[in-house]
Structures are given as structure tokens and as C-alpha cells.
Amino acid sequence: MILITGGAGYIGSHCALEMTRAGYDCVVLDNLSEGHAKAVQTDRFCRSDLADIDETREVFKQYPVEAVIHFAASCYVGESAVNPQKYYRNNVVNTLNLLQAMIENDVKKIVFSSTCATYGNPEYTPIDEKHPQNPINTYGKTKLMIETILEDFDSAYGLKYMALRYFNASGADNQANIGESHNPETHLIPLVLEVAAGKRELIKIFGDDYDTPDGTCIRDYIHVNDLSTAHRLALEKLFSGADSNFYNLGTGKGVSVKEVIDISGHVTGKTIRKEIVQRRPGDPPVLFADNKKAKLDLGWSPEYNEINDIISTAWNWEQNRQY
Ligand code: UDP
């Protein structure tokens, strides 16, 4: 049985879908503070909180967990700056609880949801896994701390982990009708599509005076189903006896904010009103992945390489969303 923490969240629910489609027995643990009951893709669901070590232990008592895919976390960069306490607790302390329950139950395999935010301001692009990790926000710092904890738990207890550093998760699985639903929504693609859907008046572009071809920030948007496949492959690699490792997950292609807006206009057939506003603090101008390591080691290859295909799935979700 695979335990998926945060399996009612955006990426966790897609990963649970991928794992069940591949025939794995899974149990989702989520406290539903950010996740959605309707997003849960498994028959087994524990509404538990990793903050409570006894509740966490109970899940391991109830189910024969062999491995964990760990998504449960707070994930707003902006909020992490004003409420770091919440981030160090929810991300670092709660992960320690999870790891404690794992060690007590002799569960020694974990795939961890990390982030390209652990790299901080890029010294070069594309960013490979050798790039120094100097996070510039609390969210990224908590994820880097967890990577460090995992390394030490490997040395001390033989815990094997795969840390997956995502670039910009996006898109949706239209067959299962699950997708991105944050409150508040802060991410570019869903916000742009809310404008297209008439739910929002305009999209604010955070700065058009960056040193990039059109002046707006460049990011690497990776489809959530491609992320999910990478989690399954990483776990299978651990099952085959591989050592701990860490991988970037991105398409390797950079797309600017203006391009996202223009392409969203084409995909939806709507006019998308935009306004240039001030830069958002902490936004590096260019971020995109060197994904060769994941391709080579995991045999992973993103299926959604075109931003318009990714946006199409997000638009489909926006028009049919249940939560
Ligand atoms: N962005 C923007 N307006 C918005 C939200 C985001 O211009 O309302 C920009 C943001 O500055 C960044 C890119 O879109 O350059 C992607 O931001 P998002 O918050 O989606 O992801 P992040 O890159 O912060 O993980």
C-alpha cells in the first residue's frame, strides 16, 4: 500500500490518480485544510493531520504501508514571508512526524515533493541539479530543510528518498475532472483563465521591465500528469533498490508571462484584459529546468511539451470544475 499525504491537493490528487491507474493500492492522508474531498482519487481516505503524531501513527497501524509519496505542505511563497511559523511547522515539523512514524514502522521509502524554489536566484539557466541551493523565500527554505533531513535520515536509518524539484505545475486531468483550486488563487495560468471565463476583470502582469525578450518573467510550465508519472517512476526506482536521489521536473522550455496570456487568448477564444503592475518581490526573471537527469535515470519524458496543450487542459477544467 502506498500512502499519499496531501492526496486531496492539486498535485497529490493527480498523483493518486496516476498510481491507481497503474494498479497500486493507495491510501490518501489529508487534513483538508487546503485540499478538497472531491479531489480524492482513492477508495481509502484518512482525514488526518500530520501535526498529530498519534493520528499519523494510526494510519500506519491501519494500513500496511510500504512507501510514502509526501505532498502535504503549505505552498504559498507570499504567505511564507508573513507567516513563517506556519511554514516551519506544517512543512518541517509535520514531515518529522511523518518520518518518525515511518521509521517506527520500518517504512523506508519516500518520494518527496520538493521545488525549484530551493535553488533561489539562478546563477545560470537551464538549472540542473548541481546548481547551488540558496532559497530566497521561507517556502523554499522549508523544502530545502526537508531535503537535508532526508539526507541525514538516509545516513542514520537507511531511509531511501527521491526528492523531486518541480518547476511550475500546471494543467489538469480532464478525464477525472480534477484540477487546480487554490484559495486564494495566486498562480498565473488559473488566474488568466478566470479572466477568460469572465470571473475576473483582468490579469495583472508583475513587471514588464525584466531582462527577457518581452520584458516579462520566464517560467517552465510542467503538466501535472507529467509530474505524476515522474513520481510513479521515482517510486518504482526505489522499489528496484536504487539509492536516494533528487531530480528536476520541468519541460526544459521557458515561456514568458505575456506568452501565457497570448496563448490563453488563442486557446479560449476570449479577449484577456491585462495591466502592467509592479514587480512581485522575490520573482527571478528566468527559471527553467535542465531535465536530462530525470530523463536519463527515471526514463521519464514529459508528454505535454507545448504550453497551448497544457493551457487547454486547464481551460477545460476551468469550464467544468466541481470545486
Ligand atoms: N504572475 C503575474 N501575475 C499574476 C500571477 C503571476 O504576472 O497574477 C507571474 C509571476 O510574476 C511569475 C509567473 O507569473 O513570473 C508565474 O507565477 P506563479 O505564481 O504562477 O508561479 P511561481 O513562478 O511564482 O511559482
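Residues numbered from 1 in each chain as written. Predicted model: local features only at pLDDT ≥ 70, side-chain atom pairs only at ≥ 80, totals over all residues. Heavy atoms only, no water.

**Q** How should the overall build of the protein chain be read in this particular structure?
**A** On a plain count of helices and strands, the protein chain comes out with 10 helices and 13 strands. Against the globule reference of 20 Å for 323 residues, the protein chain gives a C-alpha radius of gyration of 19 Å, in line with a compact fold. In terms of overall dimensions, the protein chain has C-alpha extents of about 55 × 40 × 40 Å along its principal axes. Counting across all 323 residues of the protein chain, residues that qualify as buried make up 55%. (Helix = DSSP H or I, 4+ residues; strand = E, 2+ residues; numbered from the N terminus. Rg over C-alpha atoms; globule rule 2.2 N^0.38 Å. Buried < 20%, exposed > 50% of the residue type's maximum accessible area, 1.4 Å probe, protein only.)

**Q** Got a minute to help me understand the side chain of Asn-94 in this structure?
**A** Inspection of the secondary structure puts Asn-94 in helix α4 (residues 84-104). From its side chain, Asn-94 meets the backbone oxygen of Asn-90 in a polar contact 3.5 Å long. The residues touching Asn-94, leaving out its near neighbours within four places in the chain, are Asp-49, Leu-50, Ala-51 and Arg-89. (Polar contact = N/O pair within 3.5 Å; in protein donor to acceptor, adjacent residues only side chain to side chain. Contact = heavy atoms within 4.5 Å.)

**Q** Explanation requested: the layout of surface pockets in the structure shown.
**A** Gaps between atoms show up when a probe of the same size as a water molecule is rolled over them. Here the second largest pocket defines a volume of roughly 170 Å³. In terms of lining, the second largest pocket is formed by His-14, Leu-17, Glu-18, Arg-21, Asp-173, Asn-225, Asp-226, Thr-229, Trp-300, Ser-301, Glu-303 and Tyr-304. Those elements that place two or more of their residues in the lining of the second largest pocket are α1 (10-21) and α7 (224-239). Here the element with the most residues in the lining of the second largest pocket is α1; it accounts for 4 residues. Here the lining of the second largest pocket is built from residues that sort into 3 nonpolar, 4 polar and 5 charged. (1 Å grid on protein atoms, 1.4 Å probe; cavity = no way out; pocket = protein on both sides within 12 Å on 5 of 7 lines; lining within 4 Å. Points joined across faces, edges and corners; volume = space filled by probe spheres on them. Nonpolar A, V, L, I, M, F, W, Y, C, P; charged D, E, K, R; others polar.)

**Q** Looking at this structure, I do not really get the packing of aromatic side chains. What am I missing?
**A** What describes a pair of aromatic rings is the distance from one ring centre to the other and the angle between the planes of the rings. Applying the stated criterion to the full structure yields 2 aromatic pairs. Geometrically, the ring pair formed by Phe-153 and Tyr-157 is edge-to-face, given 4.9 Å between the ring centres and 75° between the ring planes. Here Phe-153 pairs with Tyr-157, and both are found in helix α5 (residues 138-157), just 4 residues apart, close to one helical turn. With relative accessibility at 41%, the residue Tyr-157 sits in the partly exposed group. Taking NZ or CZ as reference, Arg-279 lies 3.9 Å from the ring centre of Tyr-210, over its face. (Phe/Tyr/Trp six-rings, centres within 6.5 Å; stacked < 30°, edge-to-face > 60°. Lys NZ or Arg CZ within 6 Å of the ring centre and 35° of its normal.)

**Q** Would you take a moment to explain the sheet that holds strand β3 (residues 44-46) for this structure?
**A** Note: strands within a sheet are paired through backbone hydrogen bonds, in either parallel or antiparallel orientation. The strand order β3-β2-β1-β4-β5-β6-β11 describes an open sheet built from 7 strands, whose pairing is parallel. The open sheet is flanked by β3 and β11 (245-249), the only strands paired with a single partner. This sheet shows a mean twist of 20° between the axes of neighbouring strands, independent of strand direction. When strand β5 (residues 109-115) meets strand β6 (residues 160-166), the two strands line up parallel, connected through 7 bridges. (Pairing = 2+ DSSP bridges. Axes fitted to C-alpha atoms, helices over the stretch in contact; angles between N-to-C directions.)

**Q** I would appreciate a short explanation of the pairing of strand β2 (residues 26-29) in the present structure.
**A** Note on strand geometry: in a regular strand, side chains alternate between the two faces of the sheet. Burial along β2 is two-sided: Cys-26 and Val-28 facing one way and Val-27 and Leu-29 facing the other are all buried. Across 4 bridges, strand β1 (residues 2-5) lies against β2 in parallel orientation. Within β2, the residue paired with Leu-3 across the bridge is Val-27. Tracing the backbone out of β1, into α1 and back to the parallel element β2 gives a crossover that is right-handed. Summarising the sheet, β2 and β3 pair through 3 bridges and their orientation is parallel. Pairing of Leu-29 across the sheet is with Cys-46, part of β3. (Right-handed = clockwise from strand over helix to strand, strands pointing away.)

**Q** Is there a simple way to think about the site of the ligand in this case?
**A** Contacts to the ligand come from 15 residues, most closely from Leu-188, Lys-204, Arg-219, Arg-280 and Asp-283. Measuring from an oxygen atom of the ligand, one finds a side-chain N or O atom of Arg-219 at 2.9 Å. Coverage of the ligand by the protein amounts to 87% of the 510 Å² it exposes when considered alone. Only α6 (188-196) and β8 (203-206) provide two or more residues apiece to the shell around the ligand. The dominant element in the shell around the ligand, judged by the number of residues it contributes, is β8, at 4 residues. Partitioning the shell around the ligand into residue classes produces 8 nonpolar, 3 polar and 4 charged. (Near = heavy atom within 4 Å. Areas by Shrake-Rupley, 256 points an atom, 1.4 Å probe, with all protein chains shown as cover.)

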